[in-house]
There are 6 protein chains.
Amino acid sequence: MIDETLLKRAGVLIEALPYIRQFHGKTMVIKYGGAAMVDPALKDAVMTDIVLLKYVGINPVVVHGGGAEISELMKRLGKEATFINGMRVTDAETMEIAEMVLVGKIGKEIVQLINQHGGKAVGLSGKDAAFMIARQIEGQPDLGLVGEIERVDPTMAELLATHGFIPVISSVAADEAGKTFNINADIVAGQVAAALGAIKLIVLTDVRGVLKNVDDPESLIPSLSVAEVEEQLAQGIYERGMIPKLQSCLIAVRGGVERAHIIDGRVPHAILIELFTDAGIGTMITP
Amino acid sequence: MIDETLLKRAGVLIEALPYIRQFHGKTMVIKYGGAAMVDPALKDAVMTDIVLLKYVGINPVVVHGGGAEISELMKRLGKEATFINGMRVTDAETMEIAEMVLVGKIGKEIVQLINQHGGKAVGLSGKDAAFMIARQIEGQPDLGLVGEIERVDPTMAELLATHGFIPVISSVAADEAGKTFNINADIVAGQVAAALGAIKLIVLTDVRGVLKNVDDPESLIPSLSVAEVEEQLAQGIYERGMIPKLQSCLIAVRGGVERAHIIDGRVPHAILIELFTDAGIGTMITP
Amino acid sequence: MIDETLLKRAGVLIEALPYIRQFHGKTMVIKYGGAAMVDPALKDAVMTDIVLLKYVGINPVVVHGGGAEISELMKRLGKEATFINGMRVTDAETMEIAEMVLVGKIGKEIVQLINQHGGKAVGLSGKDAAFMIARQIEGQPDLGLVGEIERVDPTMAELLATHGFIPVISSVAADEAGKTFNINADIVAGQVAAALGAIKLIVLTDVRGVLKNVDDPESLIPSLSVAEVEEQLAQGIYERGMIPKLQSCLIAVRGGVERAHIIDGRVPHAILIELFTDAGIGTMITP
Amino acid sequence: MIDETLLKRAGVLIEALPYIRQFHGKTMVIKYGGAAMVDPALKDAVMTDIVLLKYVGINPVVVHGGGAEISELMKRLGKEATFINGMRVTDAETMEIAEMVLVGKIGKEIVQLINQHGGKAVGLSGKDAAFMIARQIEGQPDLGLVGEIERVDPTMAELLATHGFIPVISSVAADEAGKTFNINADIVAGQVAAALGAIKLIVLTDVRGVLKNVDDPESLIPSLSVAEVEEQLAQGIYERGMIPKLQSCLIAVRGGVERAHIIDGRVPHAILIELFTDAGIGTMITP
Amino acid sequence: MIDETLLKRAGVLIEALPYIRQFHGKTMVIKYGGAAMVDPALKDAVMTDIVLLKYVGINPVVVHGGGAEISELMKRLGKEATFINGMRVTDAETMEIAEMVLVGKIGKEIVQLINQHGGKAVGLSGKDAAFMIARQIEGQPDLGLVGEIERVDPTMAELLATHGFIPVISSVAADEAGKTFNINADIVAGQVAAALGAIKLIVLTDVRGVLKNVDDPESLIPSLSVAEVEEQLAQGIYERGMIPKLQSCLIAVRGGVERAHIIDGRVPHAILIELFTDAGIGTMITP
Amino acid sequence: MIDETLLKRAGVLIEALPYIRQFHGKTMVIKYGGAAMVDPALKDAVMTDIVLLKYVGINPVVVHGGGAEISELMKRLGKEATFINGMRVTDAETMEIAEMVLVGKIGKEIVQLINQHGGKAVGLSGKDAAFMIARQIEGQPDLGLVGEIERVDPTMAELLATHGFIPVISSVAADEAGKTFNINADIVAGQVAAALGAIKLIVLTDVRGVLKNVDDPESLIPSLSVAEVEEQLAQGIYERGMIPKLQSCLIAVRGGVERAHIIDGRVPHAILIELFTDAGIGTMITP
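Rules and cut-offs
Every residue gets a number counted from 1 within its own chain, in the order that chain's sequence is written. Each chain is given a letter, starting from A, and each ligand a number, starting from 1, according to the order in which they appear as written. It should be noted that, the model being predicted, local features are given only for residues of pLDDT at least 70 and side-chain atom pairs only at 80 or more, the latter also being counted only at that level, while totals for whole chains, interfaces and linings use all residues. For the side-chain quantities, the full set of heavy atoms in the structure was used; hydrogens and water were omitted. Secondary structure elements follow DSSP: runs of H or I no shorter than four residues count as helices, runs of E no shorter than two count as strands, and numbering proceeds from the N terminus. Helix span, expected: 1.5 Å multiplied by one less than the number of residues in the helix. The angle separating two fitted axes, one through the seven residues that finish at a residue and one through the seven that start at it, defines the bend at that residue. Type-normalised accessible area, obtained with a 1.4 Å probe on protein chains alone, sets the label of each residue: buried when under 20%, exposed when over 50%, and partly exposed for intermediate values. The contact definition used throughout considers only heavy atoms, calling two residues in contact when any of these lie within 4.5 Å. Overlaid copies result from least-squares superposition on C-alpha atoms, with residues included only where pLDDT is at least 70 in both. Buried area: the accessible surface (1.4 Å probe) lost by two parts on joining, summed over both. Salt bridges are counted wherever a side-chain nitrogen of Lys or Arg sits within 4 Å of a carboxyl oxygen of Asp or Glu. N or O atoms within 3.5 Å of each other form a polar contact, as long as, within protein, one can give a hydrogen and the other can take it, and as long as residues adjacent in sequence are counted only when both atoms are side-chain atoms.

### Some details on helix α1 (residues 4-23) of chain F
- Look at α1(F): 30 Å from first C-alpha to last across 20 residues, which is about the 28 Å you get at 1.5 Å a residue.
- Along α1(F), the sharpest change in direction is near 35° and occurs at L17(F); proline P18(F) comes one to four residues later.
- Within the sequence span of α1(F), burial applies to L6(F), A10(F), V12(F), L13(F), I14(F), E15(F), A16(F), L17(F), Y19(F), I20(F) and F23(F).
- Packing partners of the buried residues in α1(F) comprise α1 (4-23), α2 (40-55) and α9 (270-276) of chain E together with β1 (27-32), β11 (200-205) and α9 (270-276) of chain F.
- G25(F) occupies a position one or two residues after α1(F) and carries a positive phi of about 75°.

And the structure:
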């Protein structure tokens, strides 16, 4: 009598219920980057997911980086990007360019997209209300203005989140003296997740998750404990791009976050699938 | 790379988003009855739907009757149920039986089922906090203790709804002098919807909706205005069971409720399908 | 110059003042039952007392049972009531009857009477908002669905009490799996008093209090410590009806309630006399 | 079985219930003076009454004068008190004496007595938080620093009253320029009652109320309308002492106070008798 | 005995008191630009002033532009800035550059400076929480993405201001469709002042104020009414740079702001001098 | 271009900023007395300072005595003032006089002066809301009604302070039995500072501070620790008038107050100079 499709649709909503219940009123930090920040359809899908989270009673907080666009503007300004161990060598001019791109271009674009999808996003860098205080990264003076987070003051982000807003955080912060630093966005995401007492950290990547064999996409490891990740990091078996993502997860889970997930941002609505279906995708890091 | 089914699932959640947004923080009154109150699988589906509503930020309020079970207990007590124009002739003993069945059996069973599904329901009759004040129905003295609602005080129901509870209302109320009356649950639902400023009233029935030709289930009328319903009620074209349901919708919509829906309670998750998909089912009454 | 009577009246109000002050803002649990629940004049007096408490700033919470009326309906339905050690053997049908009578008849009658006297009562069973979770009573499988309280969640009752409402609690609750149990109302009263942090538990009975000699109403024991009650219960000197009342008091006082009182419900306004005059009546259980 | 006296006591409490209900949460202004401010037993009775009011949910506000004690201190300081039409001629030195006596002696004594009886009183003059702004009384320059109230700012008194405190107001206030004025306490009481939206003004006097024949205490007029009082004041039939009391009542009732009462302060607990018994005493002024 | 200088210092604080009192709890919008945004000592002075305002109970809101720095980055990127009637012709690439410079460079620099001086600033553009909605400026299609403010939603800015934060607003906003526009910062300041119900708008310029004779700095006009400004704008007597500043003041004062001030940003602490001394500087626009 | 004086003025405000920031939201107790309570210009200066404190976000609380005026009224009433070790022998009549003068004259005059300067003061004695409970001073029965503070209940003073009011406290309090005592105002100030968790106690005196050589005003000791003061008090090197001031500071600092200051009340605006300039005056007592 009734269209079978409609019943299936209801079934999906019903399947989501226990997860909605479990995450209700909780904070969830989403590290946004990779293909999901480039492909228009994927962008659209991520924004929709974030707004849906907000409407079903979860507090999403977005953290983003933007290395490619920084390099591009540098190039247009006749400045070459150089890297040491994958980290950008950052002089004062590079820092200025990075901040303009991250805060004034990418951050506001995400804010605008979320708003277009029915949310109310507010773009923040560590400087806003001295939300995050940075310091120079230790032991690597050649990198210049590359920093790490010294501490996070969650007051303003929580004020915004509890009044219906979605914080969008760019990975830039100043130290106590007011000097600006570029900080790895993955690491920022992990620290913000811990500081805000998030229930989950979700890191969007361009691979299926942590792979046993980096050349075999089917060799996905569905779950790893903090101890396992630490051991394997020490063994040096991961490729460079995965390392900060795993470190981000370690920071979060050691800091009290229940679960951290490295998922495939090339899959549309990967966030919803991870959160609201029994399937689960990518690799989950547990305490 | 990713299972097609998962993408479809995400699509269903996404399709629901605009509706979730639209109904966020609003009150929705559900008249529960018919097959959906008898069949265990349907019961289960309705309770799941109600709890899902609560978790996505909507305030569901349930109103129920229970004629069949009243008649059954009367029969067991050797008392014959008699009706005039479909309304139960209610002497003092019948009233006592009706109240025990509605409040002490059906109401608490619904409360318990909602709780089992993860909600926090509170069973109420009009007597609780003098939530609804009744008076004898006019012009029909032969019916005995059959009443109508004189006024509704929404204070307690709103207090409960805004603190995370789901009110479940039995269609019994006392008059100012403390005399108890049996009241048509459809009518109660319409009046409660208006008094609580609900955005929608959803009436579960055992037909597909309002039909042009009562013998042809395919002759469903998807939408009717208050004026159309009033005219057709005056023409007497509706069968008896549909009349109080339509009157309930008229009371609600005239009282400020945006939309009232008569939907098929025999379809599992009919509430979710109606609210959260583009399909829409049953008949909608508009201002 | 002024009527002597008026001065005496003022004196009574003045005598009440220190008690009103002492109990201000505190919760008081009243176990309602016996003659006070049958005789219309006594009923009326109890309801007046409860409403007066509310108006002078005390939070009364009423707990009731209703064995006689359960047996009566069972009899009308051709079902014989059987007891083991004074506890009702409760099969599924008996449980259904008990719940209908307690929740749908007695509970709502008390609610209505309190409202008639100017209060705003709300009838609750353990199922409402999963207020009380039950479990099968241990070691007595022959009793069937006779339970005990596993835990009480005071949230909803406190919400109602602090917003001007008077909770009226029927002694029925479900276990985690949703199975319904009949629970001794005296025991419920003691547990609710402890869970709500009540200052007093008042148990209405049909005797003058605890008597030294059960045949001599003048042998009233005005005060007993928990230790004394425990010792005497172990000695088995109390008659059966008094045992659950004393156990109720023990549960309350051990759970932090300052005083528990077993008083004579056949005396009109026994509650007011106990609380607001220097006289004091019945037996008081102290820590 | 139970002492008859106890039942009678309960009856008195019960008789008070409808009045407690009616006055719950309302403000009541008491003009304190006359014998009730001199006789120790009467003082004690008034303080008890005021504290009882507070505990049953009413907000009492006390206003007092103190002419006799002012004259006494003046005499001790070798200064003669002179009056024109019953109003004290007030030079700067007299004003200083009056303020010391009213604020520093009588006001604090009342505060202390209320505290001894279990209340929490706070003594205030019009100067505190510029609660009352005065101006010189019109057309009577010979009186010197005799003023009238220009306006009342209820903010601080309401803050105190809603936080459990009992304001005790001395009839002294300054004008905008800071000059201090002595103001008739009866008139202050009427204006404060109106400004605080009181439900009742109660003026304690040393007569039974308004008498038809001033020499016949039995000629008490139980009730007068504002119009009747205005007419009779114009006819000049009242003796001097009663005039400001009647004017106080007129100010209050015209300003929205429901009832003003002139009662016999020589009767112990006259306030309780007036408020909480069916008797009623003295003369009531109605709109 | 005491150093004369200290007494003079106290005198300055005392002179400020009536102004502090007058502006307590009020919002004040500061249009920041010109020399005060370039010279390090002046920058420092402005930030100190803003933080002082916050600490004495005023809510400062900063609005800034940044034309020169936009042109500079354009030049570095090999793009020529072109203007029509003083307004920048803005194609998509120019808009992207402008947004990066305003939001990601100038805005965050101001935020950081305020924080260094002890405040807690939060940088915002119109996109954040859709705080300001823009539309294309009318009648000038050749200008490209030059917009005007259609409406301001003060919710988020007020939330931040009442929780101790200082909003710093960049003059960029998107329209309903998400297209980004560059908006004259003077005009934004006037509209924000009106939307937030500010008591004052203070526009920092590089001249002494409105001059009668543009070549004679001594010809300062201390005060102008809205009507006078409107008349003189119609007469076309003002030089180009002053026109948007005057229009900003008109928008503010017509929108309910009490006073708008055009003051000389080259004077250190011009804001404090204007607000907290009897002197007053620059030109004041009154209703 | 700009008047040099204006720049200097701004400089003073700027110098005050770090102090305003440091003391924001904190309570500061000011012991008012000596020349500053007699000389009209000094009075005026103190009141202005207190109101300024309130407006820049500090909560000032004033404590005052008034020995000279008590003696004067005693003399006018033909009563001789006698002292033992500098403490007034206080019989019942003296106590009555002292209370009238302190509460009804000096206290209200301070209240009125603060109000004239734009504050909202409320005069309190220990009796108000039983704010301070006294007891007879130990070991000196000849002194009569001279007391010491047993405990302070900060509730009401905090309620007033957080709602914009300035408490002005007279050094009179009653014991539990209601007997009134005269208490050294210096000691009251120290105890109130500790009870309210003040950040500072400021004691106004008629000397420059604690002097090494009492005859050499230039021998000011700028800072003393609690241990140093205790030692020197034990050595008996201080003159009588300084002893209670030092004891007051000890009570405060031992009770958690960060700094206590004995400053020269003969210097106009000594409070502002001490608090808001880098100079600092008088003697500071530190933990």
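### Overview of the side chain of Q232(B)
- Mapped onto the secondary structure, Q232(B) falls in helix α7 (residues 226-235).
- Setting aside residues no more than four positions away along its own chain, Q232(B) makes contact with L224(B), I237(B) and Y238(B).

### Overview of the relation of the copies chain F and chain D
- Once chain F is rotated about the relating axis by 180° and shifted along it by 0.0 Å, it coincides with chain D to within an RMSD of 0.0 Å. Each copy turns onto its partner about a two-fold axis. Looking at the rotation axis and the C-alpha trace of chain F, the residue lying nearest is G104(F), at 2.0 Å.
- The share of interface residues of chain F whose copies in chain D are also at the interface is 100%, consistent with both copies meeting through the same surface.

### Section: the interface of chain A and chain E
- Listed per partner, the contact involves 37 residues of chain A and 37 residues of chain E.
- Here chain A meets chain E over a buried area of about 3000 Å², counting both sides, of which 62% is carbon and sulfur.
- Three residues, R76(A), M100(A) and K108(A), lead the burial of chain A against chain E; their summed loss comes to 19% of the area buried on that side.
- At the junction of chain A with chain E, the criterion picks out six salt bridges.
- Measuring nitrogen to oxygen at the nearest pair gives 2.5 Å for the salt bridge that ties K108(E) to D128(A).
- At the junction of chain A and chain E, the tally comes to 13 residue pairs in polar contact (both at pLDDT 80 or more).

### Here's the deal with the interface of chain F and chain D
- Contact residues are listed per partner, giving 37 residues for chain F and 37 residues for chain D.
- Overall, the association of chain F and chain D removes approximately 3000 Å² of surface from exposure, summing both partners, and the carbon and sulfur fraction of that is 62%.
- When the buried area of chain F at its contact with chain D is split by residue, R76(F), M100(F) and K108(F) rank highest and sum to 19% of it.
- The interface formed by chain F and chain D holds six salt bridges in total.
- Taken together, chain F and chain D are joined by 13 residue pairs in polar contact (both at pLDDT 80 or more).
- At the level of secondary structure, the elements contributing two or more residues to the side of chain F that touches chain D comprise α3 (67-76), α4 (92-116), β5 (121-125) and α5 (155-162) of chain F.
- Tallying contributions element by element places α4(F) first for the side of chain F that touches chain D, with 13 residues.

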